[in-house]
Amino acid sequence: MGELEKDLNSQTEAVYPAVLQVSGEQARRWCTAVWSNGPGERRLVGELHRLIQGTLIAHWMQPPAQYELMAQPVNSFDVIFYEAAGEKLAGKLRTDGWQSVDLGLLPTEEYEQFEVLAEEAAKRGTAIDEGPAQLWRITFDRPGGGGAQGPTQLGADVAKRLGDQVWGQTPGWFSRVFCERLKEMTGVELSPNYEGLRRLEQTVFSQWGRGIRWLEPMAYQAICDFIGVAVQAESSAEVQWGSCPVDERTGLAPAPLLRIRHKKNAWKRIGVGYDVIEQFCVPWGERTKKEAGDTLDTLVRYYAPGG
């Protein structure tokens, strides 16, 4: 068991501001804890959203030179509640795609997380019940075609070709390398425009179930890069990429950023990395019932209305 990241935008003492990695014979999971329901369901759910978003960015923004093949996929994100969720909180969790899991059915190796969390609560001076009250779990939806020629190998090949580059250093380069390797592996050819972006979405994203859409890190970075390329290709807007090197203090790279200017107006800062996750990867609220036309190119059209 290892700790992934600390202080990923948690703002109260009720949510543990870190993520543990739990590995067993049958599954690999990320988990955190909610010590108390005191802040209320809206704030707690909002903090869980930010923690998960920050965890995904921390993993998906690993630079190509530091890319590591994931030997075992992450199956779920678990939240251990030390105070049972009330009716309103439970309803919000279910709407977001979470499911309650019977603690008594957990494999023995997954009980280790409870000991670690109890130790963390003691370090922080947080009073908790002797044992957890509930476990809520959201799964990851993954694209098909795994194995040697699947998305993981594609990501590894792209990372090798990109070398020491970081996102935004050479605008358009991440998506170009990704698309070239994708064509070699699958025969799918993608043009740098709206149509290419739609085809990339169909190729990379899994069918949406009730969980979080999983992306390989190079696929996530390529999509964010491709969006900037599509804005340039399909509109008169000027686009700038923000470079995303690893911060020496935190050891993390920031989420992808674009700057867009229309007809010599003021530059607008676009958090494309966050937007991709919010609009297409997490099922918060009713997003599992997305309209058929709600695709990545609609996000581009939002960035560059009117072309």
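Residues numbered from 1 in each chain as written. Predicted model: local features only at pLDDT ≥ 70, side-chain atom pairs only at ≥ 80, totals over all residues. Heavy atoms only, no water.

Quick look at the pattern of salt bridges now. Scanning the model with the defined rule gives 13 salt bridges in all. Ionic pairing is found between Glu184 and Arg161, a salt bridge with its closest N-O pair at 2.7 Å. Of the two residues, Glu184 is situated in helix 5 (residues 173–186) and Arg161 in helix 4 (residues 151–162); the sequence distance between them amounts to 23 residues. A relative accessible area of 48% places Glu184 in the partly exposed class. Given the relative accessible area of 42%, Arg161 is considered partly exposed. Put simply, Glu238 and Lys264 hold a salt bridge, and the shortest N to O gap is 3.8 Å. (Salt bridge = Lys/Arg side-chain N within 4 Å of Asp/Glu carboxyl O. Helix = DSSP H or I, 4+ residues; strand = E, 2+ residues; numbered from the N terminus. Buried < 20%, exposed > 50% of the residue type's maximum accessible area, 1.4 Å probe, protein only.)

Its identity is not glycine, yet Lys263 carries a phi of approximately 50°, on the positive side. Note on placement: Lys263 falls in the loop between strand 9 (257–261) and strand 10 (268–270). Backbone geometry places Lys264, a non-glycine residue, at a positive phi of 65°. Taking relative accessible area as the criterion, Lys264 reaches 65% and is therefore assigned exposed.

What follows concerns the nonpolar core. Residues Leu56 and Ile227 are the most contacted members of the largest nonpolar core, which totals 81 residues. Ranked by the residues each element gives to this core, the list is headed by helix 7 (residues 217–234), at 11 residues. Residues contacting Leu56, with those up to four places away along its chain left out, are Trp30, Phe140, Ile212, Trp214, Ile277 and Val282. One finds Ala18, Val22, Ala33 and Val101 within the second-largest nonpolar core, a separate group that totals 17 residues. (Core = buried A, V, L, I, M, F, W, Y, C linked by side-chain atoms within 4.5 Å. Contact = heavy atoms within 4.5 Å.)

The subject of this paragraph is the state of the cysteines. Taken as a whole and judged by the stated rule, the model has zero disulfides. Here Cys244 is not cross-linked by a disulfide; its sulfur's nearest cysteine counterpart is in Cys224, at 8.8 Å. (Disulfide = S-S within 2.5 Å.)

Close contact between helix 4 and helix 5 brings their axes to 10 Å; oriented N to C, the two are set at 130°. The angle between helix 4 and helix 5 falls in the class oblique. At the point where helix 4 passes helix 5, the crossing takes the right-handed sense. Between helix 4, through Leu154, Asp157, Val158, Arg161 and Leu162, and helix 5, the contact on the second element is made entirely by Trp173, Phe174, Val177, Phe178, Arg181, Leu182, Glu184 and Met185. Looking at the contact of helix 4 with helix 5, its residues break down into nine nonpolar, no polar and four charged. (Axes fitted to C-alpha atoms, helices over the stretch in contact; angles between N-to-C directions. Parallel < 35°, antiparallel > 145°, perpendicular 65-115°, else oblique. Left-handed = near helix turned anticlockwise from the far one by under 90°. Nonpolar A, V, L, I, M, F, W, Y, C, P; charged D, E, K, R; others polar.)

What follows concerns the packing of helix 7 against helix 9 (residues 296–303). In the contact formed by helix 7 and helix 9, the axes pass within 10 Å of each other and the chain directions differ by 50°. It follows that helix 7 is oblique to helix 9 by the angle criterion. Considering how the two elements wind past one another, helix 7 and helix 9 form a crossing that is right-handed. Along its contact with helix 7, which presents Ile223, Ile227, Ala230 and Val231, the element helix 9 presents Leu296, Leu299, Val300 and Tyr303. The residue inventory of the contact of helix 7 with helix 9, partitioned by class, reads eight nonpolar, no polar and no charged.

Okay, the environment of Arg213 next. Tracing the backbone through its elements, the reader meets Arg213 in strand 7 (residues 212–213). Between the alpha carbons of Arg213 and Asp141 there is a distance of 4.8 Å; along the sequence they are 72 residues apart.

The next thing to look at is the pairing of strand 4 (residues 76–81). Of all six residues that make up strand 4, six are buried, and the element is covered over most of its length. Of the two faces of strand 4, both are covered, the one formed by Ser76, Asp78 and Ile80 as well as the one formed by Phe77, Val79 and Phe81. Strand direction decides the pairing type here: strand 3 (residues 28–34) and strand 4, joined by six bridges, are parallel. Looking across to strand 4, one finds that Arg29 is bridged to Ser76. Crossover connection from strand 3 via helix 1 (residues 41–60) to parallel strand 4: handedness right-handed. Direction of pairing for strand 4 relative to strand 6 (residues 134–141): antiparallel, over a ladder of six bridges. (Pairing = 2+ DSSP bridges. Right-handed = clockwise from strand over helix to strand, strands pointing away.)

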